[in-house]
Every structure is written in structure tokens, then in C-alpha cells.
Amino acid sequence: MAQRLKPVDAVTIGVGLTGSLAAHELTQAGLKVVGLERGAARFTVPDFQSPAIHDELRFSIRKGMMQDNTKVAVTFRNNSSETALPIRRWASFLPGQGLGGSFVHWNGQSFRAQVADFIYRTHLIERYGKKFLDACGPELTVQDWGVAYDELEPHYDRFEYLIGVSGKAGNIKGAIQPGGNPFEAPRSREYPNPPMKETYFGAIFRKAVDDLGYHPYPQPSSNLSRPYINPLGLKLNACVFCGFCERYACEHFAKGSPQTAILPVLLKNPNYELRTNCEVLRINLDSSGKKATGVTYVDGAGREFEQPAEVVFVTAFPLNNVRTLLLSGVGKPYDPNTGEGTVGRNYTYQTTGGPTVFMDASINVNPFMSSGAPGTMIDDFGGDNFDHSNLGFIGGQYVGSIMTGGRPIEFHPTPPGTPAWGLEWKRAVARHYNHAILVQQHGTSAPSRLNYLDLDPTYKDARGQPLLRMTFDFPENDVRMSQYIAHKVVEIGRAMGGKIVTRGGIKRPYTTTVYQSTHNCGGAVMGDDPKTSVVNRYQQCWDVPNVFSLGGSSFPQNITYNYSVTIGALTLWSLDAIKKQYLKSPGPMVQA
Amino acid sequence: MISPRMRYVAAASALLIGLTLSSVASPQSPGGTHVADLKRGAVIAAQGTAAGAPGCAQCHAFNGAADGTGAFPRIAGQSSDYLAAQLRDFASNVRANAVMSPIAKALAPDDVADVAAYYAALDPPFLPLSKPDPALVKAGEQLAKVGSEARGIQACDNCHGPGGAGEPPAIPYLAGQYAPYIAFEVRMWQRGYRKNSPDMMADVAKLLNDQEIAALAAYYQQVRGAAEIAASR
């Protein structure tokens, strides 16, 4: 029997990026907030210090910072005619676990979405017509977000200054800035910090794309280019290019994260209480099913508690947000046969992959001198930055020379045809290790009525609750898109001086056994219409208005870019509205 | 198994056989193809150059252990890249130093390469030094290995290697370095006299207070050798 605890104003399910940010905003407004985090507490000192933090076997290979999938896995299948099986080794995507969540092991690649992204369906129909969109794939369920870029801009700005993004503006209030990305959405001011130093592989890429007439710019980075004091008074240090960023935590206080940018202030606030090793089982609803009364969770000692709360914030990894809503009966589950229901609908991913450019042995790339966001990039093929009229697909990808380290276990570039082991393999690794450049393609993922999340009918977690089931394959549209860009990127690789240039782009079927991206999106998407969205424009659940589901699960479809900064902006946007509107008069903030 | 100490003696003896009595001139090799000449480096260390640079050994000792006062750093076994970079920075006043800058200016590029390679190859014994305050060493060890969450300071070992063993070629060892020298250099960064490594060491130095500097210096001075560093992990 669960022990009933003293009621609080708000509870967050998960204490990562959205959970810590929401709690900070709410406690500042005077609310009593409890943060429930499934994983352990951890801080820069002592938990992230060297040499232990540079343990590639522990963190990259054995996924030391990720969700314990011996206890809670995700099941997967490519389509609904297959039987899904649990993913017991994370590979394709890496949901984090522990205080700070995935925002601890992220790379720090810090983009905004574009103006058209938020009105994607409207934009595509205006530019190309509905017939074109239907021809790209009748199964596609592209839709608008219900929030416009201009509304989010102040919150993007606030979030970038909070975590200290280092970059070069390309568009300030409509004026194109030399050196920045001319395709970016207009921003109100420069980044808080100047861009990171350009790497040698970045310089080689820059020269090639310059010669080809594209528009190179430095990748915006939340690995900081200089020491910085954020608006909360927290000091972040400069990145030292150690090459252990993705899948690792930063030992230098140099990566924007809850630990560096939010938690030291939040944890001192008497209105806040953090409870780690506490796993939420469900959101509790009253008898009407329209109001949440709190959550039930199990602590590290196995004791069950009921934590009553006026408002519940679902702030876990996107996949776990969706699972929590499904387990709690918040919203109607999506049915792929009828197209009805919304929870689990429009699950999208990210189209990635790019060529390896094998250079002459005289070019010393030194890939190990790197950070999580060291790229030199172009956005000429991003989003809808190029004319799709005669291409037969929607979407696009950014292209960049982005190498996040040359770590010894994972990084062994060898040309096609090299044996996978033995003397010839060793010779090829020795020849190419320091003379190969990875070029990334990274872009949109179109939603399809065939792709969705639901509860697995067979497999359960360690506590006996159903696992989340993922049914996903790349729509043909996305394959056509990424292969079109792959061709352009091979030309870039040749212009870089590549002696051998492999070809990137995605293929069907999607596989979960190769790392691609941790940008799992959607499943509890935002929008204007309760028939096609789980949450309204403020990420408030249509069906249970005192539940807010924050984060990447709200994306109706995935954008060209890495999603973290947009998640931060969406969170601040929602919390701003909650403070101004909801707290004064609790209830639906948008009438359905 | 030959000990590091024996290897040092053997290397130094071999070098001594090759020494000439006159100090060396400063020839330049064309096109940057210079291969470091340890024997020539040893002569520069002992006797200086014809262009007027005095012998390094006067302060740093012929074996690179210096005199133990801490007025001069131990340079033996420091990477040749690091030593050469410091000499270039002394010459250009990026690392301005009243004693070293004129000496470095008098060294030709090949002299720098040779003498840096000479000292990099040495592994002399540590000089006997007085025992530091154990509490100070303990405080320094904590900061060096783990850092301080409250003060926002990361562990020095993150860059300088476990036990301050160095991350050659770019990052110097601190293990066994003299405490007064470490403390002095941190202050040079704090006050802006030492301008090399501006975006790392200058920033880190400014995070440290006098007590922390003293603790770190005391800790690193007493760390000894690879075995001890391994055991300290």
C-alpha cells in the first residue's frame, strides 16, 4: 500500500533538461516543487572527473550513462505485421538516466529551428501545393505546431543565454550577418559567446564548400568557447577539446547542462526538493479521469509512495513521456488502423549518416582534438532551404564536418573492401586513423501514420508494467531526401581532396543496432486540434489540463537540427504562459 | 630490467663522450628538416652558444633537476615540444621573463630543438626536500584529483594527467615540480604576465585562491615517479 505524502504544488517526472528548467521557473514563482528522478544524483565534482570519466569501455561501449534496459527496455519492430522484441543493447539511440538526464551526455550541438518548421504543413502547401505533399507519400501526417517561431524567439534567446551557447549569428532581426548561417531564423541578438575555434577538419570542409558556392558557418555549441557567467550567476568554463563529450559528462564545467547551468541554483531554493532513485509508476487521476491528483512512485528502497500535487509535469526522455501518459491513461492511445487517438501518434526520428572522406596520408586530421559540437557546416540543404518542386520529397539535412573525437575503441575508419579483422584491417586502421574526415548529414524525419508508439502486449519491465513498443521505419520520402543530399555530399568530399569518399544517406529498413541519433521525437505532439495532438500549444494535455508533457515528445515531426535548444525554448515558452495564465486560473489554457 | 636511473646514467655518459670543449656555433638547417641532435643539445646545456646564450646547466643543472630551491623549475623529462614552445614564448615575450627571455632570444631555432630534446630525454633522481605539511598536501591532492564542486574548479589532473604525470607533448608534468615554482607560475597567469595558454591556464589560475595554490604546489612537489602515480589512482 502506497504511503500518502504531504501534497505539493507541482511534481516533475524526471529531472533532466525540462524537469530542472520547469522546476526552476515554478519555484521562482513561489510554488513548492518535488523533482522525482529515476536515476542517481551526480555532479561535475566528484562524479565527472578524469581519468574515470574518460572510460570509453564503460560509457561508450557499455552505455554507462544510459537508461538501465535490463530493467526498462523499449521493444521495437519495423512495421505492425512484425512482433516487437526488447532492445537490450542500446545502439541506435541512447536515452540517458540519472540527474540531468540526457542533457548531461549530449554533444552540445545547439540549433534553433526555422520559421517554416513550426508551420510546416501550411508552408509546404503554400509553396508547393497539397498535390505535391500528397505525392511525397500518402501516409505522411505532417502538421503545424500551434506555436510560431516569433512567439518562441524570446525563449530561444533566454535559453541560449542560460546555457552559454557559442556561435556566430547569421541573421539578426532580418539582417544577414557575415560568417553566420544565412538560412537561420532571425534572432534578436548575437549568441552569448563567440564561436568555437575551427578544427583542421572543419577548415578543410570550409574551403571545399566555399569553392562549391555553399555557405559555411561554425556549428553553434554548448561546449563553451570562453568562461561565462550565466544569468543565474553560475560560472561555466571554456572547453578544452578533450574529445569526450557525447556519451560522457563534462569534467570541466564547460558544457551547458542542468548541473552547470540550473541545478546549483535550483537545489538551494527552499521551495524545491529533489528525490533521486525514485521511479514514477503512473500519474493518478481522479474518478472523472479529467484531473490528475499526483503520482505514485517507488523509491530506492522499494517503498511505494503517493505524492499528491496540483500540477504534474511529465519531463522524462520523450519516449518515457509517451509511456508515462499511456500507463496513466492520460489521452487516448493512437490506433493505426482507424487513425484515431493521439498518444503515440507521429513518432519521428532523425535522418543521419554521411560519408567518410579518406585523405592523403600527408593530411593529419587529429580527430581526437575535438568537442561535441566542433563542426563547420552548411545549411544549403537544410529544411526547405532549396526548391523541392521537381524533387519528389519534402525535408532536408544540414551537412557538416563534425567529428566528436577520435576515441580508440570506436573510431577506426577503413575504406570499403577492407577486411573486418586481421593484419590487413590493422594496417588500414593505422593508415587511415589520422587521415579520415567524417562528414555528417543530419535532417528531417517525416511523420507517417504507420509509425507510432504504444504499450507492448507481451514484454514488461522489472516492476511488471508494459514496455513501450516502437513501430518505425523511415518513410520512402526520407530515403529519397537523404539519398539526394548524399549525392551532393560525395561531391563535397571529393572537393575536400578525398582519395576515397564513401556515400552516406539512409536506407530501409531502419535498424536499431547502429548509432544514428538520440533525437526520438513526437508521440505526444503539440498542436491546435485535439484530434491530432496530445497537448496544446503550451504543452498542456487536452484531456487532463493539470498535466503538462514537456520536451521532444511534443514535436509533431522532426526538424533538420538537433533538438535540445528547441526543447529548452519550448519549455520556457510553456512555463512563461503557465506563470502568467495557468497559475492565476488553473484549467485549459486553450479551448478545444 | 634497467632502472630509469641507470638509463639516465648511461645516456648521460654516452653524451659526455661526444662533448667538445668549445661552445657550439648556431648552424641552421634548411627547410625545417632539422633532426634534433642530443649531443649538440648537451653542449648547449653545459656551455651555452657562441651567440651568447649561457649554459642552461647554470640554473637547471646538467641533469635538468635544477637546484631544488624552486627558483628554477625541474625540466628533465618534460616533453621537447613543451620545452621548445616555452623557449619560443620566452623569446617573443608571450611568456615574459627577465631571466629567460634574453637567453631564449639568443638561441637559434636549431639550438632550441637540440637543447629541448636533450633535457626531454633525461630522468634524473629527485633532490631531497623537506617534508611539507601533510594537511596541506591532502588539501592539494583533493583539488588536484577531484576538484571542488562548491568553487567550480575542475581537477588539475583532467589535463595534467593522473598524479600530474603530464599529457605530452602539449601539457607538462607537475609531479615532482618544485612548489615555489608552481605557485609562482600560477600567480604569473593570474596577474597576466604569463600569456601563453591564455584561454585555459589564465582562466583556471584566476579560480584559485592563495591557500589553494599553496596546497596544489605542496601536493605536486611530493608526487614521485610512475609507480607512485599509478598507485595513487
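What you see is a predicted model; the values in this text were computed from it and never measured.

The rules we used
Residues numbered from 1 in each chain as written. Chains lettered and ligands numbered in written order. Predicted model: local features only at pLDDT ≥ 70, side-chain atom pairs only at ≥ 80, totals over all residues. Pairing = 2+ DSSP bridges. Helix = DSSP H or I, 4+ residues; strand = E, 2+ residues; numbered from the N terminus. Axes fitted to C-alpha atoms, helices over the stretch in contact; angles between N-to-C directions. Parallel < 35°, antiparallel > 145°, perpendicular 65-115°, else oblique. Contact = placed C-beta atoms within 7 Å. Nonpolar A, V, L, I, M, F, W, Y, C, P; charged D, E, K, R; others polar. Core = buried A, V, L, I, M, F, W, Y, C linked by C-beta atoms within 7 Å. Buried ≥ 20, exposed ≤ 12 C-beta atoms within 10 Å, placed from the backbone.

Colleague: Residues and numbers for the pairing of strand β14 (residues 304-314) of chain A, please.
Modeller: Side-chain positions along a regular strand alternate between the two faces of the sheet. Residue and element names in this part refer to chain A. Relative to β14, strand β1 (residues 3-4) is paired through 2 bridges, and the arrangement is parallel. In the strand pairing of β14, Arg-4 is matched with Glu-306. As defined by bridge partners, strand β2 (residues 8-13) adjoins β14 across 5 bridges and the pair is classed as parallel. Note that in β14 the partner of Thr-12 across the bridge is Phe-313. Note: strand β13 (residues 292-298) against β14, 5 bridges, orientation antiparallel.

Colleague: Lay out the packing of helix α7 (residues 134-145) of chain B against helix α11 (residues 210-222) of chain B in plain terms, naming residues and giving numbers.
Modeller: Residue and element names in this part refer to chain B. Packing of α7 against α11 brings their axes to within 7 Å, and their N-to-C directions diverge by 95 degrees. Taken together, the axis directions place α7 and α11 in an arrangement best described as roughly perpendicular. Contact residues: α7 offers Leu-136, Val-137, Ala-139, Gly-140, Glu-141, Leu-143 and Ala-144, while α11 offers Glu-212, Ala-214, Ala-215, Leu-216, Ala-218, Tyr-219, Tyr-220 and Gln-222. Looking at the contact of α7 with α11, its residues break down into 11 nonpolar, 2 polar and 2 charged.

Colleague: Pulling in residues and values, what's your account of the nonpolar core?
Modeller: Judged by nonpolar contacts, the single largest core of 161 residues is most densely connected at A:Val312, A:Phe313 and A:Ile437. The dominant element in this core, judged by the number of residues it contributes, is helix α15 (residues 564-582) of chain A, at 10 residues. With sequence-adjacent residues up to four places away left out, A:Phe313 is seen in contact with A:Ala10, A:Val11, A:Thr12, A:Ile13, A:Gly19, A:Ala22, A:Phe548 and A:Leu550. Listed in part, the 32 residues of the second largest apolar core include B:Ile44, B:Leu83, B:Ala85 and B:Phe90.

Colleague: Give me the lowdown on the interface of chain A and chain B, citing residues and values where you can.
Modeller: Across the boundary between the two partners, chain A contributes 16 residues, which contact 14 residues of chain B. Counting residues per element, the side of chain A that touches chain B draws most heavily on helix α2 (residues 44-47) of chain A, which supplies 3 residues. Within the side of chain A that touches chain B, the residues separate by chemical class into 8 nonpolar, 5 polar and 3 charged.

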